[in-house]
Amino acid sequence: MLVRGGRVTKIVNACTGNPNLADGRGEATPVGSFRVGRRIAGPHQAELGVLYSPTFFRGGIAVHGAPQVLAAPMSHGCVRIPMHLAQPIQDAMRAGMRVQVRR
């Protein structure tokens, strides 16, 4: 959810990290309160694949666009959102903005 001034302004389908991925490199998305850090517009080649418009909030963990966003954890730790929403969501997530991850 994107929240502004205590009001929900957008609800987005998302999937999170799976520590049981077949490649053995998955991890659960960290839970807690974080701050938006680095943002990269467009595609970004990362160690585990291409992230589209990633907005990093804890080290290499980001909210980013992905071609597949299923209703189950399937990423290596990031929060995946639909590709067509990646740039608009990144535009709404300014540096220093609080990111809360809950289960």
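The paragraphs below set out a description of the structure included in this document. (Residues numbered from 1 in each chain as written. Predicted model: local features only at pLDDT ≥ 70, side-chain atom pairs only at ≥ 80, totals over all residues. Heavy atoms only, no water.)

1. So, the side chain of Ser53
Then, number 1: Position of Ser53 among the secondary structure elements: in strand S5 (residues 49-58).
Then, number 2: Among the polar contacts listed, one links the side chain of Ser53 to the side chain of Gln87, at a separation of 2.7 Å.
Then, number 3: With near-sequence residues (within four places) excluded, Ser53 lies in contact with Ile40, Ala41, Gly42, Val63, His64, Ala86, Gln87 and Gln90. (Helix = DSSP H or I, 4+ residues; strand = E, 2+ residues; numbered from the N terminus. Polar contact = N/O pair within 3.5 Å; in protein donor to acceptor, adjacent residues only side chain to side chain. Contact = heavy atoms within 4.5 Å.)

2. Overview of the pattern of salt bridges
Then, number 1: In this structure the tally under the stated criterion is one salt bridge.
Then, number 2: Across the pair Arg25 and Glu47 runs a salt bridge whose closest N-O atoms are separated by 2.2 Å. Within this pair, whereas Arg25 is found in the loop between strand S2 (7-10) and strand S3 (32-35), its partner Glu47 is found in the loop between strand S4 (43-46) and S5, the two being separated by 22 residues in sequence. (Salt bridge = Lys/Arg side-chain N within 4 Å of Asp/Glu carboxyl O.)

3. Side note on the sheet that holds strand S7 (residues 79-82)
Neighbouring strands of a sheet are bound in pairs by backbone hydrogen bonds; such pairs are parallel or else antiparallel.
Then, number 1: Ordered by their spatial adjacency, four strands build an open sheet running S4-S5-S6-S7, and the pairing between neighbours is mixed. Both outer strands of the open sheet, S4 and S7, are each paired with one neighbouring strand and no more. Neighbouring strand axes in the sheet, compared pairwise and without regard to direction, differ in orientation by 50 degrees on average.
Then, number 2: Bridge count for strand S6 (residues 61-66) against S7 is four bridges, and the pairing is parallel. (Pairing = 2+ DSSP bridges. Axes fitted to C-alpha atoms, helices over the stretch in contact; angles between N-to-C directions.)

4. Section: the side chain of Thr29
Then, number 1: Among the secondary structure elements, Thr29 is positioned in the loop between S2 and S3.
Then, number 2: Of the polar contacts made by the side chain of Thr29, one reaches the backbone nitrogen of Gly17; its length is 2.7 Å.
Then, number 3: Not counting residues up to four positions away in its chain, the partners in contact with Thr29 are Thr16, Gly17, Phe57, Gly77, Cys78, Val79, Val101 and Arg103.

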